[in-house]
Amino acid sequence: LGYIDVTTATGIAQALGLIIVTITMGYFINILFNGGLNLIEKKKVTVIFILFVGIAIFWSGFEQAASSLNLFARDFTDRFIGGWEMPAGMLQSFNSGFIIIFAPIVGALWVKLAARNINVRTPFKFAVGLILLGLGFWVMVEAAQVAASGAKAGMFALILTYFLHSIGELTISPVGLSATSKLSPKKYVGQMMGIWFVGAALGNLIAGLIGGNFDPENVLEMPNIFLNVVWVSVGAGLIFFAASPFIKKWMGDVT
């Protein structure tokens, strides 16, 4: 049996992650077995737990923007435009710009599909978002290999990554929030909404732990760090795809 050293920042983060997971699991088990729910409500609460796992995985990759991706931009990216060098942190603003530009487009797409009786269900949207997250990190794997060769990667790699992540965010974050409110039993709506944001907090915590493994002095390990995120996020997306028919049944009339 191992132990967690809580005298370090990493140890404290690991301990907090374990506490969050334990409390959340206990909460769901208690609600399912002692919450006075009928079978339909239990199925919907189980779906909320599945979405909780999905959003935690998504944010654990997405929030690398402030850690490993920002360090990559600072140390391994050619940020010169003419004679001006763009500050590394400024590249993160592309995410905000993409959200502002594409949020109405993605929203209009769902409305247009619904008007044609093509209702894209929540599990499918989660699958798309997670796979887009993985594709973004696949771009970074290629960029990290360039950096490992001794050259600097171009800014386009990070911009493309932020674009893919932004579209992924639009297919998951608002959709999952809406689905959670609709799936929640009436007497537990407030608690379930809180659980949704706990998933986001857990994802941010995991993102910090992953970013903590990013060592600018060990450039040869960077492709592997990004590749691990690719496998986890794409793997989770494929699981959502495969499980989508079953999840949809448990969601009932909620889309």
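Overview of the structure. Since the model is a prediction, treat every value here as computed from it, not as a measurement. (Residues numbered from 1 in each chain as written. Predicted model: local features only at pLDDT ≥ 70, side-chain atom pairs only at ≥ 80, totals over all residues. Heavy atoms only, no water.)

1. As for the layout of surface pockets
Space inside the largest pocket adds up to approximately 230 Å³. Every residue lining the largest pocket is counted, 14 residues in all, and those nearest its centre are W110, V120, K125, K182 and T255. Of all the secondary-structure elements, those providing two or more residues to the lining of the largest pocket are α4 (93-115), α5 (122-148) and α6 (155-183). Here the lining of the largest pocket takes five residues from α6, the largest share from any one element. Of the residues in the lining of the largest pocket, the class split is eight nonpolar, four polar and two charged. Approximately 170 Å³ is the volume attributed to the second largest pocket. Of all the secondary structure elements, the ones that give two or more residues to the lining of the second largest pocket are α2 (39-62) and α8 (222-251). (1 Å grid on protein atoms, 1.4 Å probe; cavity = no way out; pocket = protein on both sides within 12 Å on 5 of 7 lines; lining within 4 Å. Points joined across faces, edges and corners; volume = space filled by probe spheres on them. Helix = DSSP H or I, 4+ residues; strand = E, 2+ residues; numbered from the N terminus. Nonpolar A, V, L, I, M, F, W, Y, C, P; charged D, E, K, R; others polar.)

2. Considerations on the pattern of salt bridges
Per the stated rule, a full pass over the model turns up three salt bridges. Its salt-bridge partner being D75, residue R74 comes within 2.8 Å of it at the nearest N-O pair. Take R74: its relative accessible area is 44%, and that puts it in the partly exposed class. Its relative accessible area of 26% is what places D75 among the partly exposed residues. (Salt bridge = Lys/Arg side-chain N within 4 Å of Asp/Glu carboxyl O. Buried < 20%, exposed > 50% of the residue type's maximum accessible area, 1.4 Å probe, protein only.)

3. Quick look at helix α7 (residues 189-212)
With 24 residues, α7 should reach 34 Å at 1.5 Å per residue; the first-to-last C-alpha distance of 35 Å fits that figure. By the burial criterion, the buried members of α7 are M192, M193, I195, W196, G199, A200, L202, G203, L205, A207 and G211. Along its buried surface, α7 packs onto α1 (9-34), α2, α5 and α6. (Expected span 1.5 Å × (residues − 1). Contact = heavy atoms within 4.5 Å.)

4. Some points on unusual backbone geometry
In this model, N117 sits at a positive phi of 60 degrees, which is unusual for a non-glycine residue. With respect to the secondary-structure elements, N117 resides in the loop between α4 and α5.

5. Here we look at the environment of G97
Mapping G97 onto the fold places it in helix α4. On the accessibility criterion, G97 (27% relative accessible area) is partly exposed. Separated by 47 residues in the primary sequence, G97 and A144 have C-alpha atoms spaced 24 Å apart.

6. Considerations on the packing of aromatic side chains
Scanning all chains against the criterion turns up 17 aromatic pairs. Consider the rings of Y27 and F28, whose centres lie 5.8 Å apart with planes at 75 degrees: the pair is edge-to-face. Between F72 and F76, the ring centres sit 5.8 Å apart and the planes meet at 40 degrees, which makes this aromatic pair tilted. In this pair, F72 and F76 are both assigned in helix α3 (residues 68-76), four residues apart and thus about one turn of the helix distant. On the basis of relative accessibility, which here comes to 1%, the residue F72 falls in the buried class. Since its relative accessible area comes to 12%, F76 is described here as buried. (Phe/Tyr/Trp six-rings, centres within 6.5 Å; stacked < 30°, edge-to-face > 60°.)

7. Considerations on α2
Over its 24 residues, α2 extends 35 Å from the first C-alpha to the last, a length consistent with the 34 Å expected when each residue adds 1.5 Å. With a side-chain oxygen lying 3.2 Å from the backbone nitrogen of I40, the N-terminal cap of α2 falls on N38. (Polar contact = N/O pair within 3.5 Å; in protein donor to acceptor, adjacent residues only side chain to side chain.)

8. Quick look at the environment of G208
Locating G208 in the fold gives a position in helix α7. Taking relative accessible area as the criterion, G208 reaches 43% and is therefore assigned partly exposed. A sequence separation of 159 residues divides G208 from F49, and the C-alpha atoms of the two residues are 22 Å apart.

9. Observations concerning the side chain of S233
As for its placement among the helices and strands, S233 is situated in helix α8. A polar atom in the side chain of S233 sits 2.7 Å from the backbone oxygen of V229. Setting aside residues up to four positions removed in sequence, S233 forms contacts with I57, L130, I131, L133 and G134.

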